[in-house]
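In case you want the letters, here they are:
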Amino acid sequence: MIKDDMALHAGIPEKAVKAALQQIGSQDALSGVTWDVARSRPGRPIKVYFEASGSAELQLAKRALEQALQASGFELYP
């Protein structure tokens, strides 16, 4: 298993990140990817930890999360 993380800036609410993860969790292409959201503190980036069997799956999951957040109107790179 390969592990990787992703940091999202503090301007994105944690609820929005969790909702986006639930949304991408229904995709068949990401069925082998698991994730966990670390506890966040105000003003600090939100960390999402991914785990998958291959790096291509990790990149696909990260890209899907970015797209879901952007579709919801959140700017990833302020």
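Predicted model, so just to flag it, every value in this text is computed and none were measured.

Observations concerning the sheet that holds strand E1 (residues 2–8)
Read across the open sheet, the three strands follow the order E1-E3-E2; overall the sheet is antiparallel. Strand pairing shows two members of the sheet lacking a second neighbour, E1 and strand E2 (34–37), which therefore form its edges. The average undirected angle you get between the axes of adjacent strands in this sheet is 20 degrees. Where E2 meets strand E3 (residues 46–52), four bridges bridge the pair, whose relative direction is antiparallel.

Observations concerning the pattern of salt bridges
Side-chain pairs of opposite charge can arise whenever the charged atoms involved come near each other. Considering all chains together, one arrives at three salt bridges under this definition. In this structure, Lys62 and Asp4 form a salt bridge, with 2.5 Å as the shortest nitrogen-oxygen distance. One end of the pair, Lys62, is in helix H2 (residues 55–71); the other, Asp4, is in strand E1, and 58 residues separate them in sequence. Taking relative accessible area as the criterion, Lys62 reaches 14% and is therefore assigned buried. Exposure remark for Asp4: the relative accessible area of 29% places this residue in the partly exposed category. Here Lys18 ties to Glu14 by a salt bridge, and the two come within 3.5 Å at their closest N and O atoms. Of this pair, Lys18 and Glu14 both sit in helix H1 (residues 14–25), separated by four residues, roughly a single helical turn. Take Lys18: its relative accessible area is 43%, and that puts it in the partly exposed class.

Conventions used here
- Residues numbered from 1 in each chain as written.
- Predicted model: local features only at pLDDT ≥ 70, side-chain atom pairs only at ≥ 80, totals over all residues.
- Heavy atoms only, no water.
- Pairing = 2+ DSSP bridges.
- Helix = DSSP H or I, 4+ residues; strand = E, 2+ residues; numbered from the N terminus.
- Axes fitted to C-alpha atoms, helices over the stretch in contact; angles between N-to-C directions.
- Salt bridge = Lys/Arg side-chain N within 4 Å of Asp/Glu carboxyl O.
- Buried < 20%, exposed > 50% of the residue type's maximum accessible area, 1.4 Å probe, protein only.

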